[in-house]
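Coordinate analysis (summary)
Next come the chains, spelled out residue by residue.
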Amino acid sequence: MIFITAKFRVRPEYADEWPGIAADFTSATRDEPGCLWFDWSRSVEDPTEYVLVEAFRDDEAGAAHVQSEHFRTAQRTLPPHLAETPRIVNATVPQDDWSLLGEMSVPEGK
């Protein structure tokens, strides 16, 4: 799978509104057949920073994502709300879902 993490620094006046601003893009991406997940989190240290964790089935699904109409729309509509260009880590990993963090395993039934 293609595993991507991106940090979006949102202009302060839009920080609380960001989930709504990105909602159409988020929904359309989650509906893509090759999207495994597309999840936003907000930094607990910086309220203007959102972290996007996304994964796509394979290179073909990733290419379909960046060639989609909703991606092109997001390229136009999201940057005016940002304080800087988002930063990204993009890697291909040999799995198709999250692995368990064995070092912090929780006993069954807890």
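This report concerns the structure included in the present document. Starting afresh in each chain, residues are numbered from 1 along the sequence in its written order. For a predicted model such as this one, the threshold for reporting local features is a pLDDT of at least 70, and the threshold for listing and counting side-chain atom pairs is 80 or more; totals across whole chains, interfaces and linings nevertheless cover every residue. Computation of side-chain values covers all heavy atoms of the structure but excludes hydrogens and water.

Observations concerning the packing of aromatic side chains
What counts here: Two aromatic rings from Phe, Tyr or Trp, using only the six-membered ring of Trp, form a pair when their centres are within 6.5 Å; if the ring planes differ by under 30 degrees the pair is stacked, by over 60 it is edge-to-face, and anything between is tilted. Numbering goes from the N terminus for both helices and strands, where a helix is a DSSP run of H or I of at least four residues and a strand is a run of E of at least two. When accessible area is computed with a 1.4 Å probe and restricted to protein chains, residues below 20% of their type maximum are described as buried, those above 50% as exposed, and intermediate ones as partly exposed.
Applying the stated criterion across every chain, the model contains 10 aromatic pairs. Between Trp37 and Trp98 the ring centres are 5.0 Å apart and the planes differ by 20°, which places this aromatic pair in the stacked class. Placement of Trp37 in strand S2 (residues 35-42) and of Trp98 in the segment after strand S4 (87-92) is noted, with a sequence separation of 61 residues between them. Given the relative accessible area of 10%, Trp37 is considered buried. Judged by its relative accessible area of 53%, Trp98 is exposed. Ring centres of Phe38 and Trp40 lie 6.3 Å apart, and the angle between their planes is 90°; on these two criteria the pair is classed as edge-to-face. Judged by relative accessible area, Phe38 falls into the buried class, the value being 0%. Members of the aromatic cluster, each reached through a chain of ring pairs, are Phe8, Trp18, Phe25, Phe38, Trp40, Tyr50 and Phe71.

Observations concerning the nonpolar core
Keep this limit in mind: The set of buried Ala, Val, Leu, Ile, Met, Phe, Trp, Tyr and Cys residues whose side-chain atoms join them within 4.5 Å is what this entry labels a nonpolar core. We call two residues in contact when some of their heavy atoms are within 4.5 Å.
Counting residues in hydrophobic clusters, the biggest one holds 17 residues, and the most contacted among them are Phe8 and Trp18. Taken together, the elements giving at least two residues each to this core come down to strand S1 (2-9), S2 and strand S3 (49-56). With 4 residues, the single largest contributor to this core is S1. Here Trp18 is in contact with Phe8, Val10, Trp40, Tyr50, Leu78, His81 and Leu82, once residues within four sequence places are set aside. Counting 5 residues, the second largest nonpolar core, distinct from the first, contains Met1, Trp37, Val53 and Ala55.

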